[in-house]
Amino acid sequence: MLRFILQRFFGLMVTMFFVSIMVFVIMELPPGDYADRYAFRKYSGTGVNVTQGDIENIRRDFGLHKPAWQRYGDWIGGIITKFDFGESFAFETSVNNVIGKRLWLTLAILFCTLVLTYLLAIPIAIYAAIRRHSIADYALTVFSYLGLALPNFLLALLLLYVSVTIFDSSVGGLFSPQYEKAAWSLAKLLDLLKHLVVPAIVLAWSATALQIQTVRATMLDELNKLSVTAARARGIPEWKVLLKYPTRLAINPVVSTIGFDVNRIFSELPIVALVLGLPELGELLIQSYLDLDMYVAGAILLMLTFFIVVMNFISDIALAFLDPRISLQEG
Amino acid sequence: MDKTTTLNNDVNLSAEEPEIDQNNKSHEDIKYYTASQWQLVWWRFRRHKLAMVGAGVLLIMVIFGAFADFIGPYSITTRDRSYIMGPPQMPLLSDQKGFSLRPFVHGIKTSRDPVTLRKIATVDPETRRYMQFFVTGSSYKLFGIFDMETHLFGLEQGRLHLFGTDELGRDIFSRTLHATGTSLSIGILGVLVAFVLALIIGGVAGYFGGKIDYLIQRITEIVRVIPVIPLYMGLAAAFPKEWSNMQVYFAMTLIFGLIGWPTLARRTRSHLLGQRGEDYVMAAELSGASAARIIGKHLLPSFTSYIIVDLVISFPYMILSETALSFIGLGLRPPSVSWGILLQDAQNIRAIEQAPWLFLPAAFVVIAVLAFTLLGDGLRDAADPYSVSNH
Amino acid sequence: MDPNLLIDVQNLRVSFRTDEGIITPVEHVNYRIKREKTLGIVGESGSGKSVSTRALIKLLPKNAIVDPESKILFNRGNGTEPLDINLLPAGSKEIRKLRGGEIAMIFQEPMASFSPVYTIGNQIMEAVRTHRLSSNSPLAATSTVGTHISESLKAKYNNVSKKEARSIAVDMLRRVGIANADLRVDQYPHELSGGMRQRAMIAVALSTHPSILIADEPTTALDVTIQAQILELMKELQTELGMSIIFITHDMGVIAQVADEIAVMYLGTIVERGPKEAVINDPLHPYTKGILRAIPKLNNLGARLEAVGGDIPGPHERPTGCPFHPRCPQRITKTCDKLHPERIEKTPEHFVRCFLHL
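Residues numbered from 1 in each chain as written. Chains lettered and ligands numbered in written order. Predicted model: local features only at pLDDT ≥ 70, side-chain atom pairs only at ≥ 80, totals over all residues. Heavy atoms only, no water.

1. Some remarks on the overall build of chain C
Working step 1: Scanning chain C from terminus to terminus reveals twelve helices and 13 strands.
Working step 2: Its C-alpha atoms give chain C a radius of gyration of 21 Å, near enough to 21 Å, the size a compact globule of 358 residues would have.
Working step 3: Counting only C-alpha atoms, chain C reaches 65 × 50 × 40 Å along its principal axes.
Working step 4: Within the span of chain C, comprising 358 residues, buried residues form 54% of the whole. (Helix = DSSP H or I, 4+ residues; strand = E, 2+ residues; numbered from the N terminus. Rg over C-alpha atoms; globule rule 2.2 N^0.38 Å. Buried < 20%, exposed > 50% of the residue type's maximum accessible area, 1.4 Å probe, protein only.)

What follows is the structure, encoded as structure tokens:
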């Protein structure tokens, strides 16, 4: 088992290495470089005449005159050794400062969404599979189609509209005004949780629809297995048969797709965050792309991907524990 | 599996009385057994009512998009200054004055708000404006070739806004039709690019195999780890600001194709590899068929239907990606119209509070994605006509 | 009821509701199982042999309907009234006690009948703890079915401890001939070979000391040599534990080895039933004769095998009259295709449904 974990960990490192190169390429893609944009941003409108020499100086200050592979080395080296993601010119401070607590809010949103998705999808899908062809089953099929067809950001807009017109209150933001600047307290945490409900529902929307489909399909497969009939033939009570045999196996595909779900949530997060006004990484990512603040964008893209890769790693290992057939083949 | 049949004691049950077989098979069975694969696919697809609905809806959307200039009464930039942020107008057949065989809408009266001095449009139930068909309106070039001035419908006097107007007084219905054309065509082009790339790269991987195959596999795996929309956004952010909308349009289709091909290539590859080991391929080889004949006659037909299904299924992702990118301002930019751009107007809460009809283009997005999903599901089931349906 | 009889199935009729209407794959089925004897049921796939035995423990799909007129009598002995299993509702506690407790079952695919994510031991212990009373319980000696003990008393003494269940599991694995049973008990099904899995499956079934074992094609998926071992094992355990066996197979050769009595099924009815020697040496029904002729003889390998002509019809195209008449070489026109043959008693033990023996 240890060898299996080490193998997977090595895979994680290799993936992250290649991902970091891709992220770096994306950071370098926009026309012009950091120095140009820095100079433009800093001096435009101030009347100062920026010469080519000034830009050259800025370039030297930031080490931008070096070849690309050296700059990549500096960038990734700073991240690994000092956890330093570079400078944000839009905010004129370090990337770490800009990201700050947005990271934890992002993770809080992710966590709430995942919990909500699994709490909803697994029992509902199992119920639908057991009561196959019932009205509830058909209703769920319709819902899962809708879940796939109605993009999350449209759902967010819809919920905004409903909350404003019917409840006369906004669902945006992560904190009520009175807690915005307040120090952390139980009340503030509760306030945060209250505000996390809507984003979590919006983000869990399509993930839940998708998971219901997968779990239901696996469950239907498993229900027809001979092992279930064999367990019934042993006189095991029906509820125990269902829980111990098909349900136990229907959990496996859920575990194996945790990374995929995180990927999906992070993919949808920026736009939902923009609509709902959530101060987290996705919204900042859009802003930094629009400003071409590429160190911030790169840092966020790297972080989001890092969480996905870590989740993949965790789900691989969890699956090996859950399914005895896996560790035998590869460990 | 260790499924060794005990030949020596097995009850042999080979059929030796063909007359019984023939009598029992009804006419329909014979038709079924002699039909070609594509006939079977078509019969099976027809049974999926929802997939047929999906196909019909998409056809209507394509027609809407292609003939947007003709069906839409106004151009995407025409501004109706007397009807700014006006709600949708529903053609009526009756009002308190009685019935009418010709559909009409009530006239609009504009007045100024005494406090804010803003123009307010109010419905005047006293006047009727009748609808006319094949009216002459603003000139346009259909498909960019034919000079035309005829529009499908209009009002005899004043303007008809089926979906209302935006804050500049532009007709949302006409704009939505044009946006349908843009968004669908980006989806179609994106899927085509992905398809061509998948065939080329998948073919290279399959042909050279070994290390190249392995390398391509690893690269696609790494690309798939990065969240898709943030990745698209990163690539779209790199578009130079001075690019024209046409350039952005093609660049976007290219990006969608570039990111979208691995899924297609993987499926094509795995279908090929899976079919390669099937008994019927072995049987064809043993009976002396050439490699070209096996691929052309046996392998390709076995998965062209799957490729079509995969293409249809990848459409919604392309459409949603385009909508999302344009929505946040990283995709197409005004004055072009696409579903995402139209929805930009509905981005802030004040706008949707005052003018919920700005949401109407969203219905098109949802319906299009739903139709593609239904169509894809029906096709997926029909694609394998020999499998036993579990419906 | 004859004390020698354990099960008496009378006029069993099972239908299924399907999208195309109601089909009745099993009709006019009568069979009996004697104590400590083996009934072999032979027939092609689709002849209803699995359905008619699964009806004993109501292990049928939800869309199945067992005719309420049918009787499935279970003789509990001790001079008590026989229990009509057909009167018990499918999900009831009584049925669950019968399943695995009194009537155990093994299946064709040993790999598929185990869940891959639990150890062999886990699945044996589950059966043991569901049915067996602790050995130090005062109730252990009595049968679990039909004895009306107060529930509270049962709750106190029922359910073997985990430790005890484990030692029963190891012991059972040893008895079915698995070496290193104390290690095997913690292994997963995929870590065992095909023959060993079937032995383990038998261990699960017999761990509760049932009075009947239903073996549904238990050797079909196995190699011939392993098949012989498993058949041998089942015979040994039968005498050791004193149980009856219903052995279902399509293989006349296997039946000849294990059965005391043979029932030949065709299209949902038993066309011939009798002691093994009588059926094999003096077959009455043309179908029985047909499948006996289809077995290759070792002493006459050069001879051409005679197959039973035609195919078994699908569930929607059941012939009228005698179900076998379209394939029967000796059919009597205007009789066999019109009338359903009644049971004809050749000897008191040997029955046939065929107009040729009127």
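2. Re the interface of chain B and chain A
Working step 1: With 41 residues of chain B in contact, the opposing surface of chain A contributes 39 residues.
Working step 2: Interface of chain B and chain A: buried area, both sides summed, is about 3,500 Å²; carbon and sulfur atoms make up 81% of it.
Working step 3: In this structure, the connection of chain B to chain A is made through zero salt bridges.
Working step 4: At the junction of chain B and chain A, the tally comes to five residue pairs in polar contact (both at pLDDT 80 or more).
Working step 5: The class makeup of the residues in the side of chain B that touches chain A is 31 nonpolar, six polar and four charged. (Contact = heavy atoms within 4.5 Å. Buried area = accessible area lost by both parts, 1.4 Å probe. Salt bridge = Lys/Arg side-chain N within 4 Å of Asp/Glu carboxyl O. Polar contact = N/O pair within 3.5 Å; in protein donor to acceptor, adjacent residues only side chain to side chain. Nonpolar A, V, L, I, M, F, W, Y, C, P; charged D, E, K, R; others polar.)

3. Describing the packing of aromatic side chains
Working step 1: A full pass over the atoms with the stated rule returns 21 aromatic pairs over all chains.
Working step 2: For the ring pair Phe83 of chain A and Phe85 of chain A, a centre distance of 5.2 Å and an interplane angle of 85° mean the geometry is edge-to-face.
Working step 3: According to the relative accessible area criterion, Phe85 of chain A is buried, its value standing at 4%.
Working step 4: Pairing Phe266 of chain A with Phe307 of chain A gives two aromatic rings, centres 6.4 Å apart and planes at 50°, and the pair type is tilted. Of this pair, Phe266 of chain A sits in helix 13 (residues 258-276) while Phe307 of chain A sits in helix 15 (residues 294-322), and the two are 41 residues apart along the sequence.
Working step 5: By relative accessible area, which is 1% here, Phe266 of chain A ends up buried.
Working step 6: Looking at Phe307 of chain A, the relative accessible area reads 19%, which means it is buried.
Working step 7: What links up through ring pairs into an aromatic cluster is the set Phe24, Tyr72 and Trp75 of chain A.
Working step 8: Here Lys244 of chain A stacks its cationic end above the ring of Tyr118 of chain C, 4.9 Å away from the centre of that ring. (Phe/Tyr/Trp six-rings, centres within 6.5 Å; stacked < 30°, edge-to-face > 60°. Lys NZ or Arg CZ within 6 Å of the ring centre and 35° of its normal.)

4. Examining the pattern of salt bridges
Working step 1: Applying the stated criterion across every chain yields a total of 20 salt bridges over all chains.
Working step 2: Between Arg71 of chain A and Glu28 of chain A there is a salt bridge whose closest N-O contact spans 2.7 Å. Here the residue Arg71 of chain A occupies a position in helix 4 (residues 68-82), and Glu28 of chain A occupies one in helix 1 (residues 2-28), the gap between them amounting to 43 residues.
Working step 3: Given a relative accessible area of 17%, Arg71 of chain A falls into the buried group.
Working step 4: Residue class for Glu28 of chain A comes out partly exposed when judged on its relative accessible area of 38%.
Working step 5: The closest approach of N and O atoms between Arg216 of chain A and Asp137 of chain A, which form a salt bridge, is 2.8 Å. In this pair, Arg216 of chain A is assigned in helix 10 (residues 186-223) and Asp137 of chain A in helix 7 (residues 135-149), connecting sequence segments 79 residues apart.
Working step 6: Given the relative accessible area of 2%, Asp137 of chain A is considered buried.
Working step 7: Via salt bridges that share partners, Arg234 and Lys244 of chain A together with Glu126 of chain C belong to a single interconnected network.

5. Quick look at the nonpolar core
Working step 1: Membership of the largest hydrophobic core comes to 175 residues, with the highest contact counts inside it found for Trp75, Ile99, Leu154 and Tyr289 of chain A together with Met233 and Trp339 of chain B.
Working step 2: With 16 residues, helix 15 of chain A is the single largest residue contributor to this core.
Working step 3: Apart from residues no more than four positions distant in its own chain, Ile99 of chain A is found in contact with Leu281, Leu284, Ala299, Ile300 and Met303 of chain A.
Working step 4: By size, the runner-up hydrophobic cluster in this structure holds 82 residues, among which are Met105, Phe114, Ile120 and Phe247 of chain C. (Core = buried A, V, L, I, M, F, W, Y, C linked by side-chain atoms within 4.5 Å.)

6. Considerations on the interface of chain C and chain A
Interface size is commonly expressed as the accessible area that is lost once the parts come together.
Working step 1: On the chain A side, the residues contacting the 29 residues of chain C number 20 residues.
Working step 2: Between chain C and chain A, roughly 2,100 Å² of surface is buried when both sides are summed, and carbon and sulfur atoms account for 64% of that area.
Working step 3: Three residues, Val117, Tyr118 and Glu126 of chain C, lead the burial of chain C against chain A; their summed loss comes to 26% of the area buried on that side.
Working step 4: Across the chain C-chain A interface, the total number found is two salt bridges.
Working step 5: Across the chain C-chain A interface, the total number found is nine residue pairs in polar contact (both at pLDDT 80 or more).
Working step 6: Within the residue set of the side of chain C that touches chain A, elements represented by two or more residues are strand 7 (103-106), helix 3 (110-113), helix 4 (120-131) and helix 8 (194-206) of chain C.
Working step 7: Broken down by element, the side of chain C that touches chain A gets its largest block of residues, six residues, from helix 4 of chain C.
Working step 8: Broken down by class, the residue content of the side of chain C that touches chain A amounts to 14 nonpolar, eight polar and seven charged.

7. Some thoughts on the environment of Leu101 of chain B
Working step 1: Examined against the element boundaries, Leu101 of chain B turns out to sit in strand 2 (residues 98-112).
Working step 2: C-alpha of Leu101 of chain B to C-alpha of Tyr130 of chain B: the two residues are 29 residues apart in sequence and 10.0 Å apart in space.

8. With respect to the packing of helix 11 (residues 226-233) of chain A against helix 12 (residues 238-256) of chain A
Residue and element names in this part refer to chain A.
Working step 1: Look at helix 11 against helix 12: their axes get within 10 Å of each other, and the N-to-C directions meet at 150°. In this structure, helix 11 meets helix 12 at a crossing whose hand is right-handed. Contacts between helix 11 and helix 12 pair Val228, Ala231 and Arg232 from the former with Glu238, Val241, Leu242, Tyr245 and Pro246 from the latter.
Working step 2: Considering only residue class, the contact of helix 11 with helix 12 consists of six nonpolar, no polar and two charged. (Axes fitted to C-alpha atoms, helices over the stretch in contact; angles between N-to-C directions. Left-handed = near helix turned anticlockwise from the far one by under 90°.)

9. Topic: the confidence of the model for chain B
Residue and element names in this part refer to chain B.
Working step 1: Put simply, chain B has an average pLDDT of 74, and 78% of its residues get 70 or more.
Working step 2: No element of chain B has a lower mean pLDDT than helix 1 (residues 18-24), which averages 41, and none a higher one than helix 8 (residues 228-237), which averages 85.
Working step 3: Between residues 1-25, whose pLDDT stays under 50, and residues either more than four places distant or in other chains, the model counts 47 contacts. (pLDDT = per-residue confidence, 0-100.)

10. Here we look at the domain arrangement of chain B
Residues and elements named next belong to chain B.
Working step 1: Once the domains are mapped, chain B shows domain 1 (78-168) and domain 2 (176-383).
Working step 2: Opposite the eight residues of domain 1 that make contact, domain 2 presents eight residues.
Working step 3: A buried area of about 650 Å², summed over both sides, lies between domain 1 and domain 2, and 72% of it is on carbon and sulfur atoms.
Working step 4: The tally of links between domain 1 and domain 2 comes to zero salt bridges. (Domains from an automatic or database assignment.)

11. Details of the sheet that holds strand 7 of chain C
Residues and elements named next belong to chain C.
Working step 1: An order of 7-8-9-3-10-11-13-12 is seen for the eight strands of this open sheet, with the pairing classed as mixed. Of all strands in the sheet, those with a lone pairing partner are strand 7 and strand 12 (344-347), marking the two edges. Ignoring which end each strand starts from, the neighbouring axes of this sheet average 20° apart.
Working step 2: Bridge count between strand 12 and strand 13 (residues 350-352): three bridges; the pairing is antiparallel. Within the sheet, the bridge partner assigned to Ile344 lies in strand 13 and is Val352.
Working step 3: Sitting on the sheet, helix 8 touches strand 7 and strand 8 (212-216), and the angle it makes with strand 7 is about 170°. (Pairing = 2+ DSSP bridges.)

12. As for the state of the cysteines
Residues and elements named next belong to chain C.
Working step 1: Applying the stated criterion to the full structure yields zero disulfides over all chains.
Working step 2: Here Cys328 stays free of any disulfide, with the sulfur of Cys336 as its closest cysteine sulfur at 6.1 Å.
Working step 3: Note on Cys354: no disulfide assigned, nearest cysteine sulfur contributed by Cys328 at a separation of 6.2 Å.
Working step 4: You can call Cys354 buried: its relative accessible area is 7%. (Disulfide = S-S within 2.5 Å.)

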